[in-house]
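Residues per chain, in single letters:
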Amino acid sequence: MLDFNTLTEFSRANCVSICAFLVPANLLTTLLTIILTVRRSPTHQIWQTAAIASILALVMVMHVYTWFMIGVVMAPTYILLSLAISCWLTNLAAIIWQRRYTHTLSFSKHI
């Protein structure tokens, strides 16, 4: 069974490694979502990249909350939290924009 205390200790003990992976991964997957949306790629590709980016953002938020749980309130925690939230909101906006644009485009083709 998964022990939450052990998981939080692992997160804090390996903070540099976790952040060294999550920051570029969040940025790259969000950038890929934006690129696919601008290029008007198929909906399933945009949803897949947005889902992966959202999962990475959620992992980063959970990692930051392990620091908040023990009372570490510093600039890096807020920067990482705002990065994760920004990536998540950007992916959400890309999905909404793509759905509206596709609907508008298909409607205008039928007229």
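Residues numbered from 1 in each chain as written. Predicted model: local features only at pLDDT ≥ 70, side-chain atom pairs only at ≥ 80, totals over all residues. Heavy atoms only, no water.

Student: Whenever I open this one, the pattern of salt bridges confuses me. Can you help?
Tutor: Side chains that differ in sign of charge can pair as their charged atoms come close. Scanning the model with the defined rule gives one salt bridge in all. Here Glu9 and Arg12 are joined by a salt bridge, their closest N and O atoms 2.5 Å apart. Within this pair, Glu9 and its partner Arg12 are both found in helix α1 (residues 4-13), separated by three residues, close to a single helical turn. (Salt bridge = Lys/Arg side-chain N within 4 Å of Asp/Glu carboxyl O. Helix = DSSP H or I, 4+ residues; strand = E, 2+ residues; numbered from the N terminus.)

Student: Explanation requested: the confidence of the model for the protein in the structure shown.
Tutor: The predicted coordinates of low-pLDDT regions are not to be read in fine detail. Residues at a pLDDT of 70 or more form 91% of the protein, whose mean pLDDT is 88. Averaged pLDDT values for the elements of the protein fall to 84 in helix α4 (residues 75-110) and rise to 94 in helix α2 (residues 15-38). (pLDDT = per-residue confidence, 0-100.)

Student: Could you clarify how one ought to interpret unusual backbone geometry in this entry?
Tutor: Most peptide bonds are trans, and most residues other than glycine sit at a negative phi. Phi angles above zero are rare outside glycine, and Arg40 is one such case at about 60°. In this fold, Arg40 is placed in the loop between α2 and α3 (43-69).

Student: When you look at the environment of Val73 in this model, what are you seeing that I'm missing?
Tutor: Examined against the element boundaries, Val73 turns out to sit in the loop between α3 and α4. Among the residues examined, Val73 registers a relative accessible area of 52% and is labelled exposed. With residues up to four places along the chain from it excluded, the contact list for Val73 reads Phe68 and Tyr78. (Buried < 20%, exposed > 50% of the residue type's maximum accessible area, 1.4 Å probe, protein only. Contact = heavy atoms within 4.5 Å.)

Student: Would you explain the nonpolar core in this entry?
Tutor: With 14 residues, the main nonpolar core has Leu22, Met60, Val64, Leu80 and Ala84 as its most contacted residues. For this core, the secondary-structure elements that each account for two or more residues are α2, α3 and α4. Discounting residues that sit within four places of it in the chain, Leu22 has contacts with Leu56, Val59 and Met60. (Core = buried A, V, L, I, M, F, W, Y, C linked by side-chain atoms within 4.5 Å.)

Student: In this structure, what is going on with the packing of aromatic side chains? I would like to understand it.
Tutor: Aromatic rings considered in pairs are described by the distance between their centres and by the relative angle of their planes. For the structure on display, the rule yields two aromatic pairs. With 5.5 Å between their ring centres and 50° between their planes, Phe68 and Tyr78 make a pair best called tilted. In this pair, Phe68 is assigned in helix α3 and Tyr78 in helix α4, connecting sequence segments ten residues apart. Residue Tyr78 is classed as partly exposed on the basis of its relative accessible area of 46%. (Phe/Tyr/Trp six-rings, centres within 6.5 Å; stacked < 30°, edge-to-face > 60°.)

Student: Hey, could you run me through the state of the cysteines in this one?
Tutor: One way to say it: the disulfide is the covalent bond shared by the sulfur atoms of two cysteines. In the structure shown here, the tally under the stated rule is zero disulfides. In this structure Cys15 is not part of a disulfide, and its nearest cysteine sulfur, from Cys19, lies 3.9 Å away. (Disulfide = S-S within 2.5 Å.)

Student: Any chance you could explain the packing of α2 against α3 here in plain terms?
Tutor: A pair of packed helices can be characterised by two numbers: the angle between their axes and the separation between those axes. It is at 9 Å that the axes of α2 and α3 come closest, and there the two elements cross at 150°. Judged on the interaxial angle alone, α3 and α2 are roughly antiparallel. Relative to α3, α2 is oriented so that their crossing is left-handed. In the contact of α2 with α3, the residues fall into 18 nonpolar, eight polar and no charged. (Axes fitted to C-alpha atoms, helices over the stretch in contact; angles between N-to-C directions. Parallel < 35°, antiparallel > 145°, perpendicular 65-115°, else oblique. Left-handed = near helix turned anticlockwise from the far one by under 90°. Nonpolar A, V, L, I, M, F, W, Y, C, P; charged D, E, K, R; others polar.)

Student: Just to check I follow, could you spell out α3 for this structure?
Tutor: For α3, built from 27 residues, the straight-helix expectation of 39 Å at 1.5 Å per residue is met to within 8% by its first-to-last C-alpha distance of 38 Å. Three or more residues of α3 are buried, namely Ile46, Thr49, Ala50, Ala53, Leu56, Ala57, Met60, Val61, His63, Val64 and Thr66. Phi turns positive, to about 90°, at Gly71, one or two residues after α3. (Expected span 1.5 Å × (residues − 1).)

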